[in-house]
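# Structural features, examined
One-letter residues, chain by chain:
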Amino acid sequence: MALLPRWFETLSFQAQLILTALVLDPIGFGAGYLLAPEFGVEPILGGVYGLVAASFPMSLLVMREVGRQ
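This report concerns the structure included in the present document. Please read these numbers as outputs of a predicted model, since none were measured by experiment. Each residue is numbered by its place in its chain's sequence as written, counting from 1. With the structure being a predicted model, the display of local features is reserved for residues of pLDDT at least 70 and the display and counting of side-chain atom pairs for 80 or more, all residues being used for whole-chain, interface and lining totals. Hydrogens and water molecules were not included; the side-chain quantities draw on all heavy atoms of the structure.

Helix and strand assignments follow DSSP, with helices taken as H or I runs no shorter than four residues and strands as E runs no shorter than two, numbered in order from the N terminus. Considering the arrangement of structural elements, one finds threonine 20 in helix H2 (residues 13-35). Overall, the relative accessible area of 11% leaves threonine 20 in the buried class. Apart from the residues within four sequence positions on either side, threonine 20 is in contact with Phe8, Asp25, Met58 and Leu61. Remark: exposure states derive from per-residue accessible area (1.4 Å probe, protein chains only) relative to the maximum for the residue type, with buried under 20%, exposed over 50%, and partly exposed in between. We call two residues in contact whenever any of their non-hydrogen atoms come within 4.5 Å of each other.

If you check H2, its first and last C-alpha atoms are 32 Å apart, about what 23 residues at 1.5 Å a residue would give, namely 33 Å. Every buried residue of H2 is accounted for by Gln16, Thr20, Gly28 and Gly32. As for H2, its buried residues are in contact with helix H1 (6-10) and helix H3 (43-68). A helix's residues, less one, multiplied by 1.5 Å, set its expected span.

Right, let's get into the side chain of glutamine 16. Topologically, glutamine 16 is positioned in helix H2. Judged by its relative accessible area of 2%, glutamine 16 is buried. In contact with glutamine 16, other than residues within four places in its own chain, are Phe8, Glu9, Leu11, Leu61 and Arg64.

So, on to the pattern of salt bridges. Opposite charge on two side chains permits them to pair, given that their charged atoms come into close proximity. Note on definitions: salt bridges are taken to be side-chain nitrogens of Lys or Arg within 4 Å of carboxyl oxygens of Asp or Glu. Across all of its chains, the model carries 3 salt bridges by this definition. Glutamate 9 is paired through a salt bridge with arginine 68; the nearest N and O atoms lie 3.1 Å apart. Placement of glutamate 9 in helix H1 and of arginine 68 in helix H3 is noted, with a sequence separation of 59 residues between them. Taking relative accessible area as the criterion, glutamate 9 reaches 28% and is therefore assigned partly exposed. A single salt-bridge network, built from bridges that share partners, covers Glu9, Arg64, Glu65 and Arg68.

Interpretation note: all reported values are geometric properties and have no functional meaning in isolation.
Here is the structure:
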């Protein structure tokens, strides 16, 4: 069973990276910004932590591409 939709797999690797960044970076920043006060952290720092956490799926995408070659 494939984890990603078939149309996503048909895109070039560069397009996959851009699409992943366009979707996950705002979600990660927003979630980190909104959840940071719950953990006693400044909101902007929480946004940065959210961006770092959002880069994890992109790292997995790159590692998957490297494994194919």
